Amino acid sequence: MEREIDKNALVLKEDENLGSVQIADDVVAMIASLAATEVEGVSAMSGNITNELMSRVGVKNLTKGVKVVVQGENVKVDLTVTLEYGYNIPATCQKVQMKVKGAIENMTGLNCSDVNIRIAGIIIKKDN
């Protein structure tokens, strides 16, 4: 039995004998962020100016650059990423989309209908 319990969590399974399983939206966002940064060519997730300032003073936000909307069993994800110079942008983004979709669906059982990507910048890595 699936039903939404509150704005930031989805009840996946509810059983009177065992209890319920809830997944917070932030957990889905963290899964998306970690999956995206595993793709070769993705340098980092990019957030808004507040997230960037917070990360400079030592506060790490693993969900920066990720917006998740859970509607029923469907998840829509918006990612903002920084890519490394020299990688094919369309091919890298397609890999990110497949990786994020697969990770969310495998870990949560939800259907990931959209993975939208915004490229915030390109980083040139210097070899030492």
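Above this text you will find the structure in question.
What comes next is a walk through the structure.

Basis of the calculations
Within any chain, residue numbers begin from 1 and follow the written order of that chain's sequence. Residues qualify for local features only when their pLDDT is at least 70, as the model is predicted, and side-chain atom pairs are given and counted only at 80 or more; totals for whole chains, interfaces and linings, by contrast, use all residues. Working from all heavy atoms in the structure, the side-chain values ignore hydrogens and water. In plain words, nonpolar cores are sets of buried Ala, Val, Leu, Ile, Met, Phe, Trp, Tyr and Cys residues tied together by side-chain atoms within 4.5 Å. The classification of residues rests on relative accessible area computed with a 1.4 Å probe and restricted to protein chains. Under 20% of the type maximum is buried, over 50% is exposed, and intermediate values are partly exposed. Put simply, DSSP H or I for four residues or longer makes a helix, DSSP E for two residues or longer makes a strand, and each gets a number counted from the N terminus. For this analysis, residues touch if any pair of their heavy atoms sits within 4.5 Å. A pair of strands is considered paired only if DSSP assigns at least 2 bridges between the two. Patch building starts from residues that exceed 30% relative accessible area and form no salt bridge, then joins like charges within 9 Å and nonpolar side chains (Val, Leu, Ile, Met, Phe, Trp, Tyr) within 5 Å. In these tables, accessible area is a Shrake-Rupley quantity obtained with a 1.4 Å probe, and a residue counts as shielded only by the protein chains included in the view. We count a salt bridge whenever a side-chain nitrogen from Lys or Arg sits within 4 Å of a carboxyl oxygen from Asp or Glu.

Some thoughts on the nonpolar core
Okay, so step 1: Counting 25 residues, the largest nonpolar core has Val 66, Val 68, Val 75, Val 77, Leu 79, Val 100 and Ile 104 as the members making the most contacts within it.
Okay, so step 2: At the level of elements, α1 (25-37), β4 (42-45), β5 (66-71), β6 (74-84), α3 (89-108) and β7 (111-123) are the ones that each hand at least two residues to this core.
Okay, so step 3: For this core, the element with the most residues is α1, which contributes 6 residues.
Okay, so step 4: Excluding its chain neighbours within four sequence positions, the residues that come into contact with Ile 104 are Val 28, Ile 31, Ala 32, Val 75, Val 77, Gly 109, Leu 110 and Cys 112.

Topic: the side chain of Thr 92
Okay, so step 1: Mapped onto the elements of the fold, Thr 92 is located in helix α3.
Okay, so step 2: Setting aside residues no more than four positions away along its own chain, Thr 92 makes contact with Val 39, Glu 40, Gly 41, Val 42, Leu 83 and Tyr 87.

Here we look at the pairing of β5
Okay, so step 1: Side-chain alternation along β5 places Val 66, Val 68 and Val 70 on a buried face and Lys 67, Val 69 and Gln 71 on a face that remains uncovered.
Okay, so step 2: Here β5 pairs with β6 via 6 bridges, running antiparallel. Bridging across to β6, Gln 71 finds its partner in Asn 74.

Observations concerning the pairing of β7
Regular strands show a simple pattern: their side chains alternate between the two faces of the sheet.
Okay, so step 1: In the sheet, β6 pairs with β7 via 11 bridges, with the strands oriented parallel. When the sheet's bridge partners are listed, Lys 76 is paired in β7 with Asp 114.

Some details on a nonpolar patch on the surface
Okay, so step 1: The grouping of Tyr 85, Ile 89, Ile 119, Ile 122 and Ile 124 at the surface amounts to a nonpolar patch, some 500 Å² of accessible area in total.
Okay, so step 2: By secondary structure assignment, the location of Ile 122 is in strand β7.
Okay, so step 3: With a relative accessible area of 42%, Ile 122 lands in the partly exposed category.

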